[in-house]
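# Survey of secondary and tertiary structure
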Amino acid sequence: MTTDDTVAARGTAAPPASPWRSPRFRLFFTARSASLLADGMLMVSVTTSVLGAGFGATGVGYALAAWMAPIVVLILFGGVLADRFTPQVMMVGADAVRVVTMLVMAALFAGGGVRLWQIMALMGVSGAATAMFQPGLASIVPRVAEDIQRANALLRISESMATLIGPGLAGFLVAYWDLAGSFVVIAAAYAVSAGGLLPLRRLAAAGAVEGAPDKGGTTDGGTTEGGADKGGADKGGAVDESDDPMWRRLATGWHEFRSRTWLWGVISLWAVYGLFVFGPSLPLGAALLTEQHGATGYGWIASADGLGTIIGGLLGMRVRPRRPLVAGVCAMFFFALNPLAPALGWNFALTAATGMVAGCGFAFWGVMWATSVQSHIPLAVLSRVSAYDIAGSIMVIPLGRALAGPAAESFGADRVLLFSSAVSFVLLAAMLCVPAIRGLARLDRPTRDAARDPGRPPAQEPERVRETEPAQEPEPVREKERVPEPERVQEPAPEPKRVAGQEASAAAEA
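What comes next is a walk through the structure.

About the thresholds
- Residues numbered from 1 in each chain as written.
- Predicted model: local features only at pLDDT ≥ 70, side-chain atom pairs only at ≥ 80, totals over all residues.
- Heavy atoms only, no water.
- Helix = DSSP H or I, 4+ residues; strand = E, 2+ residues; numbered from the N terminus.
- Buried < 20%, exposed > 50% of the residue type's maximum accessible area, 1.4 Å probe, protein only.
- Contact = heavy atoms within 4.5 Å.
- Areas by Shrake-Rupley, 256 points an atom, 1.4 Å probe, with all protein chains shown as cover.
- Expected span 1.5 Å × (residues − 1).
- Core = buried A, V, L, I, M, F, W, Y, C linked by side-chain atoms within 4.5 Å.
- Phe/Tyr/Trp six-rings, centres within 6.5 Å; stacked < 30°, edge-to-face > 60°.
- Lys NZ or Arg CZ within 6 Å of the ring centre and 35° of its normal.
- Salt bridge = Lys/Arg side-chain N within 4 Å of Asp/Glu carboxyl O.
- Axes fitted to C-alpha atoms, helices over the stretch in contact; angles between N-to-C directions.
- Parallel < 35°, antiparallel > 145°, perpendicular 65-115°, else oblique.
- Left-handed = near helix turned anticlockwise from the far one by under 90°.
- Nonpolar A, V, L, I, M, F, W, Y, C, P; charged D, E, K, R; others polar.
- Patch = residues over 30% accessible without salt bridge, like charges linked within 9 Å, V, L, I, M, F, W, Y side chains within 5 Å.

### Focus on the overall build of the chain
- A tally of helices and strands in the chain yields 23 helices and zero strands.
- Taken across its 510 residues, the chain has 49% of its residues classed as buried.
- Across the chain, the fraction of contacts at a sequence separation of at least 24, relative to all contacts at a separation of at least 6, is 86%.
- With the model as given, the accessible surface of the chain reaches about 23500 Å², and the carbon-plus-sulfur share is 64%.

### Some thoughts on helix H10 (residues 246-258)
- The end-to-end C-alpha separation of H10 is 18 Å, in line with the 18 Å expected for 13 residues at 1.5 Å each.
- Considering only its buried residues, H10 is in contact with helix H3 (56-85), helix H11 (261-318) and helix H15 (379-394).

### Section: the nonpolar core
- Core analysis: the largest hydrophobic core is formed by 35 residues, its most contacted members being Trp262 and Trp369.
- For this core, the secondary-structure elements that each account for two or more residues are H10, H11, helix H12 (324-332), helix H14 (348-376), H15, helix H17 (413-433) and helix H18 (435-438).
- Tallying contributions element by element places H11 first for this core, with nine residues.
- If we skip the residues at most four places from it in the chain, Trp369 touches Trp262, Leu263, Val266, Ile267, Leu325 and Asp389.

### Quick word on helix H4 (residues 87-111)
- The terminal C-alpha atoms of H4, which comprises 25 residues, lie 36 Å apart, in line with the 36 Å expected from a rise of 1.5 Å per residue.
- Residue Gly112 follows H4 closely and has a positive phi angle near 80°.

### Some points on unusual backbone geometry
- Positioned with a positive phi, Thr86 is a non-glycine residue whose angle comes to about 80°.
- When you line up the elements, Thr86 lands in the loop between H3 and H4.

### Some remarks on the packing of aromatic side chains
- This model, assessed by the stated rule, comprises 19 aromatic pairs.
- Between the aromatic rings of Trp20 and Phe29, the centroid separation amounts to 5.1 Å while the plane-to-plane angle is 70°, which identifies the pairing as edge-to-face.
- Put simply, the rings of Trp262, Trp270, Tyr273, Phe278, Phe335, Phe362, Trp365 and Trp369 pair up and form one aromatic cluster.
- Looking at Arg98, its charged tip hangs above the ring of Phe133, at a distance of 4.5 Å from the centre.

### Regarding the pattern of salt bridges
- For the structure on display, the rule yields seven salt bridges.
- For Arg98, the salt bridge identified is with Asp95, shortest N-O distance 2.8 Å. Linking Arg98 with Asp95, this pair stays in helix H4, spanning three residues, or about one helical turn.
- When the shortest N-O distance is used, the salt bridge between Glu256 and Arg260 registers 2.7 Å. Just as Glu256 is buried, Arg260 falls in that class too.
- A network of salt bridges, in which partner residues are shared, links Asp39, Asp95 and Arg98.

### Description of the environment of Trp20
- Looking at where Trp20 falls in the secondary structure, it is placed in the loop between helix H1 (3-13) and helix H2 (23-52).
- In sequence terms Trp20 and Ala145 are 125 residues apart; their C-alpha atoms lie 8.4 Å from each other.
- Once residues within four sequence positions are removed from consideration, Trp20 is found in contact with Phe25, Arg26, Phe29 and Leu154.

### Concerning the packing of H2 against H4
- Close contact between H2 and H4 brings their axes to 12 Å; oriented N to C, the two are set at 30°. Taken together, H2 and H4 sit at an angle that is classed as roughly parallel. Here H2 runs over H4; the crossing is left-handed. Each of Phe28, Ser35, Asp39, Leu42 and Ser49 in H2 lies in contact with H4, whose residues at this interface are Met91, Arg98, Met102 and Phe109.
- Across the contact of H2 with H4, the residue classes break down as five nonpolar, two polar and two charged.

### Considerations on the side chain of Thr351
- Here Thr351 shows up in helix H14.
- Those residues in contact with Thr351 that lie beyond four places of it in its chain are Leu289, His293, Ile301, Ala341 and Trp346.

### Brief notes about the side chain of Ser421
- Along the chain, Ser421 falls in helix H17.
- According to the relative accessible area criterion, Ser421 is buried, its value standing at 3%.
- Beyond its immediate sequence surroundings of up to four residues, Ser421 is in contact with Ala336, Pro339 and Leu340.

### Topic: a nonpolar patch on the surface
- Taken together, Leu307, Ile311, Leu315, Val319 and Met356 make up a surface patch of nonpolar side chains, about 360 Å² in accessible area.
- The dominant element in the nonpolar patch, judged by the number of residues it contributes, is H11, at three residues.
- Structurally, Met356 is set in helix H14.
- Given a relative accessible area of 31%, Met356 falls into the partly exposed group.

### Topic: the packing of H10 against H15
- At a closest axis distance of 9 Å, the pairing of H10 and H15 adopts a crossing angle of 75°. Put simply, H10 runs roughly perpendicular to H15. Here H10 contributes Arg249, Leu250, Thr252, Gly253, Trp254, Glu256 and Phe257 to the contact with H15, which in turn contributes Val381, Arg384, Val385, Tyr388 and Asp389.
- Taken together, the residues of the contact of H10 with H15 sort by class into six nonpolar, two polar and four charged.

Below, the structure is given as structure tokens:
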């Protein structure tokens, strides 16, 4: 049995408690659900408001770009600050900024005469706050729930529900109430998120200490940390980095990211996936599906996709594979059918079924990936590693969407989507060919330093053994120190001198 198999077997022997039993998780789940609902409403409200103000599709593009650009630029710094000041503090502060931003947006539209640069500026501030908010999510889950996989599955279901309800709620408020009122509701949702996260600040100190690796770079079982620095100790500990500048903290996060082959291997392939699959699939797929099945048909297909993500989250709660990334990648093969359906012009029923299966596979992969990252990365550096994860995953998607239109004009939308589907299959197969990805074992509970990652360089473990061998050398020295002890045993000999007289003592001396 391999080391990974032992860890997996040990994890299944004593299943962790349900996340619902933890009041902290219930608070976090409520806060996260409110935040996701606000995010789902925001895009619809902004798009409607910009179009209603007369700025057209170009203005919508500028507003969304103003929101996205700070996320791409600042997401790494958000991870550093979350590990420095704790994720709870950064997320509560980000929610507070977003509440103020949405209220100012509501006031501008209520007063009339809003200008595009004002919308862009407010969206930029909101995007910067999102960059401070997002990296800390990963490091909170292991602190509030023992069963990380089930917690991530519940959060995935909440995200799916928010994706379904949020846009519809925003549209309803704009149509039947007021445009400014929709931003007030969004601000209220962000306020609920901040209120749920505020009591979790007490997790900060304890979580940082528990997440810091031991000075010897070992796990609870004594296994050495293969990805540690030259000295053998992992530098992700909060105590070791108390005086480190920003750039050094970024470098530590990068070291933790690149030292795990399974981690950077997935993100590298995922970046290509975002460029050639995620990028073209949404705009070109929406256009073809609307043309083939009408706007109403496209809405139902999108709803089927949302239903599939809920099913995928439910499966993530029950299915516990020993190799979570392998299971997640296999599920993602169903997502490769998503661009294939509009490209081949399948009928409505088959396309809707394909959307549901694709959504299920994507959600199940999301649960497996989040659980793997949160259980194998030390808590002290998890926010920074998560920031690199997010940056690598989303950075190229806007480029893929920007190139989708020119590519469709040159080759045809159906051919571009066929190419996306083929690339999806190839990249997923490539993930399964990486031994570190294929061999990563499940850990039901977070580990201090993730020492059992198969992507760790095995050559570093003997170096640790050599460092521990000299610790046994002082034992001969202790034996030498014990040599004088018999002399002390002979010291009671003078006592008979006083009893036997001076002659006996002279004889003893001779």
